[in-house]
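# Structural features, examined
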Amino acid sequence: MPSEIRKNIRIASKLLVVLTVLTGVIYPLVVTGLAQLFFPSQAQGSLVHVKGKVLGSRLLGQTFTDPQYFWGRPSATTPFPYNATASQGSNVGPSNPEFLATVQARVAALQKANPPRVTDKRIPVDLVTASGSGLDPEISPRAAYYQVARVAQARGQAPEKIRALVEHCIQPRTFGILGEPRVNVLELNLALDNLTPHT
């Protein structure tokens, strides 16, 4: 083997080791350390703790089906909803019969669960369609208001009290301009559990 080739192999090998240590060890440790120092909650996954127990993350949706809780946006991840290791949409278009059947089933379930006389019949789209990630932890304020009557009835609370709680939990646009107002479903449901019982 010519000496020039051996020299190039030695240089490439040294460069590989240096870059591996730099980008595979030092850089991740520095970034992780800075994140833990300045943003500890976010670095740990924005976990929600109640009485020392982790109940979930502010960044990931959860399945709520009990009438006394607000329900989140549907998830299309497999093999179970809100599976963070399989973040994806269904990739099924609106003209697909499977999509139409899924949406119709969700509409029927919501109409059955929510009192028709006191609930807006126009179901918010984020309650019947999954997002591209399938992990949404938030719903629109309109989607939360749509469920107020059901939650109030299930909990024996005045609808005005539940509606006021929703209003309190609405998060505005980020920096006042990015995104849309939204409600974190897990945080709203935890706030519900902290309400004083109706008397």
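If you're wondering where the values come from, they're calculated on a predicted model, not measured in any experiment.

### Concerning helix α1 (residues 3–38)
End to end, α1 covers 51 Å across 36 residues, agreeing with the expected 52 Å (1.5 Å per residue, within 8%). At Ile26, α1 shows its largest kink, close to 30 degrees, and the proline Pro28 lies no more than four residues downstream.

### Overview of the layout of surface pockets
Size it by volume and the largest pocket reaches roughly 290 Å³. Per-class residue counts for the lining of the largest pocket are eight nonpolar, five polar and two charged.

### With respect to the sheet that holds strand β3 (residues 138–139)
Reading across the sheet, the three strands line up as β3-β5-β4 and stay open at both edges, with antiparallel pairing between neighbours. In this open sheet, the two edge strands, each paired with only one partner strand, are β3 and β4 (170–171). Across two bridges, the pairing between β3 and strand β5 (residues 182–184) is antiparallel. Bridged to Glu138 within β5 is Asn184. Taken strand by strand, helix α7 (residues 185–193) contacts β3, β4 and β5, and its axis lies near 60 degrees from that of β5.

### As for the pairing of strand β1 (residues 47–50)
Here is the key point about a regular strand: its side chains alternate between the two faces of the sheet. By the bridge criterion, four bridges tie β1 to strand β2 (residues 53–57) in an arrangement that is antiparallel. Residue pairing in the sheet places His49 in a bridge with Val54 of β2. Where β1 hands over to β2, the hairpin turn is made up of two residues, of which Lys51 adopts a positive phi near 55 degrees.

### What to know about empty space enclosed by the protein
Evaluation of the coordinates by the stated rule reveals one cavity of 30 Å³ or more. By volume, the largest cavity amounts to about 40 Å³. Around the largest cavity, the lining residues are Leu60, Gly61, Gln62, Phe64, Gly72, Pro137, Val185 and Leu186. A class-by-class count of the residues in the lining of the largest cavity yields five nonpolar, three polar and no charged.

### Details of the pattern of salt bridges
Counted under the stated rule, the structure contains six salt bridges. A salt bridge links Asp136 to Arg73, with the nearest nitrogen and oxygen atoms 3.5 Å apart. One end of the pair, Asp136, is in the loop between α3 (97–113) and β3; the other, Arg73, is in the loop between β2 and α3, with 63 residues separating them in the sequence. Among the salt bridges present, the one from Arg163 reaches Glu167, with a minimum N-O distance of 3.8 Å. Note that Arg163 and Glu167 are positioned in helix α6 (residues 159–169) at a spacing of four residues, about one turn of the helix.

### Considerations on the side chain of Thr77
Here Thr77 is to be found in the loop between β2 and α3. At 3.0 Å, the side chain of Thr77 and the backbone nitrogen of Tyr82 are in polar contact. Within polar-contact distance, the side chain of Thr77 engages the backbone nitrogen of Asn83 at 2.9 Å. Aside from chain neighbours lying at most four places away, what touches Thr77 is Tyr82, Asn83, Ala86, Ser87, Gln88, Ser133, Gly134 and Leu135.

Rules of the game
- Residues numbered from 1 in each chain as written.
- Predicted model: local features only at pLDDT ≥ 70, side-chain atom pairs only at ≥ 80, totals over all residues.
- Heavy atoms only, no water.
- Helix = DSSP H or I, 4+ residues; strand = E, 2+ residues; numbered from the N terminus.
- Expected span 1.5 Å × (residues − 1).
- Bend = angle between axes of the 7 residues up to and from the residue.
- 1 Å grid on protein atoms, 1.4 Å probe; cavity = no way out; pocket = protein on both sides within 12 Å on 5 of 7 lines; lining within 4 Å.
- Points joined across faces, edges and corners; volume = space filled by probe spheres on them.
- Nonpolar A, V, L, I, M, F, W, Y, C, P; charged D, E, K, R; others polar.
- Pairing = 2+ DSSP bridges.
- Contact = heavy atoms within 4.5 Å.
- Axes fitted to C-alpha atoms, helices over the stretch in contact; angles between N-to-C directions.
- Salt bridge = Lys/Arg side-chain N within 4 Å of Asp/Glu carboxyl O.
- Polar contact = N/O pair within 3.5 Å; in protein donor to acceptor, adjacent residues only side chain to side chain.

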